[in-house]
Amino acid sequence: MLTFAEAARRAEAEVGAETHRLAAYGVTGMLIPATFEEGYYRQANLPEQLRRLFAPVNPHRIDEDALEPLTVQAQALVRTSALLDDAVQIFYRALGNAGLSHGEMHARRPGVTRAQTATVTPPGTAALHAVKRLWADDWSFDVVLARLDDTGSIALDARPTLLLAGPPGTPDPARAAELGVPVALVNAAGLVGLP
């Protein structure tokens, strides 16, 4: 787990270009590296479970009526699988260090505006649930169908996750113009997104 300032010292390909932009403007928050999500999938044996779940799907002739209930099951599987205790404790400590263990926060992917929210109290279980809901969004019907259409596979690469204070930001054209960027997301806490 990294602060945005720490993440900015890593390659954009690893942490996402938006993370670098947020760090440059002094936005505080936390980045969950893709390796943490990969570890979650491996530890819970999710790749094999998801492969078996979607085995009946023919990517060359997709039956959308058959696919939809599978995506609901896949989302539930991702949301309800458990992390190892050590990983949970690392997450809680990082959340506290980032100042996100109290109050409202949101989780989203770099470069994406869709977010999951939580109102957090220590140790941070609600934040962890928001992260898992965000990861489960990758298994929603529209997203899986697009992956099948684009790649012919349900396979998914892990990606970084951003955690920021407050509710998801809304586009602020004046702030975007001030910063010289196409889109700036702002909430009551200030700048929270430069997708």
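Throughout, residues of each chain are indexed from 1 in the direction in which the sequence is written. The model is predicted, so local features are restricted to residues of pLDDT at least 70 and side-chain atom pairs to those at 80 or more, both for listing and for counting; the totals for chains, interfaces and linings are taken over all residues. Just so you know, side-chain values use all the structure's heavy atoms and leave hydrogens and water out.

**Structural notes on the side chain of Asp137**
Here is step 1 of the chain: Starting at the N terminus, helices and strands are each numbered in turn, a helix being any DSSP run of H or I of at least four residues and a strand any DSSP run of E of at least two. Relative to the elements of secondary structure, Asp137 occurs in helix H8 (residues 125–137).
Here is step 2 of the chain: Under this definition, polar contacts are N or O atom pairs within 3.5 Å; protein pairs additionally need one hydrogen-donor-capable and one acceptor-capable atom, and for neighbouring residues in sequence, both atoms have to be side-chain atoms. In this structure the side chain of Asp137 is engaged in a polar contact, spanning 3.5 Å, whose partner is the side chain of Arg114.

**Focus on helix H3 (residues 17–24)**
Here is step 1 of the chain: Only protein chains enter the area calculation, which uses a 1.4 Å probe; residues under 20% of their type maximum are buried, those over 50% are exposed, and those in between are partly exposed. Of all the positions in H3, only Glu18, Thr19 and Leu22 are classed as buried. Viewed along the axis of H3, the buried residues span an arc of 100°, placing them on a single side of the element.
Here is step 2 of the chain: Whether two residues are in contact is decided by their heavy atoms, any of which lying within 4.5 Å being enough. Lining the buried residues of H3 we find helix H1 (4–7), helix H2 (12–15), strand E2 (30–32), strand E3 (103–108), strand E5 (161–165) and strand E8 (190–193).
Here is step 3 of the chain: Gly26 sits one or two residues past H3 and shows a positive phi near 75°. What the arc covers is the set of directions going from the helix axis to the C-beta atoms.

**A closer look at the nonpolar core**
Across soluble globular proteins, you tend to see nonpolar side chains buried next to one another.
Here is step 1 of the chain: Judged by nonpolar contacts, the single largest core of 43 residues is most densely connected at Met30, Leu50, Phe54, Phe91, Trp139 and Leu163.
Here is step 2 of the chain: The element that contributes the greatest number of residues to this core is H8, accounting for 7 residues.
Here is step 3 of the chain: Trp139 has contacts with Tyr41, Leu50, Phe54, Thr71, Ala74, Gln75, Val78, Val144, Arg147, Ile154 and Leu156, leaving out every residue within four places of it along the chain.
Here is step 4 of the chain: Throughout this description, the term nonpolar core refers to a set of buried Ala, Val, Leu, Ile, Met, Phe, Trp, Tyr and Cys residues connected via side-chain atoms within 4.5 Å. Formed by 18 residues, the second largest nonpolar core is a distinct cluster that contains Leu2, Phe4, Leu31 and Val181.

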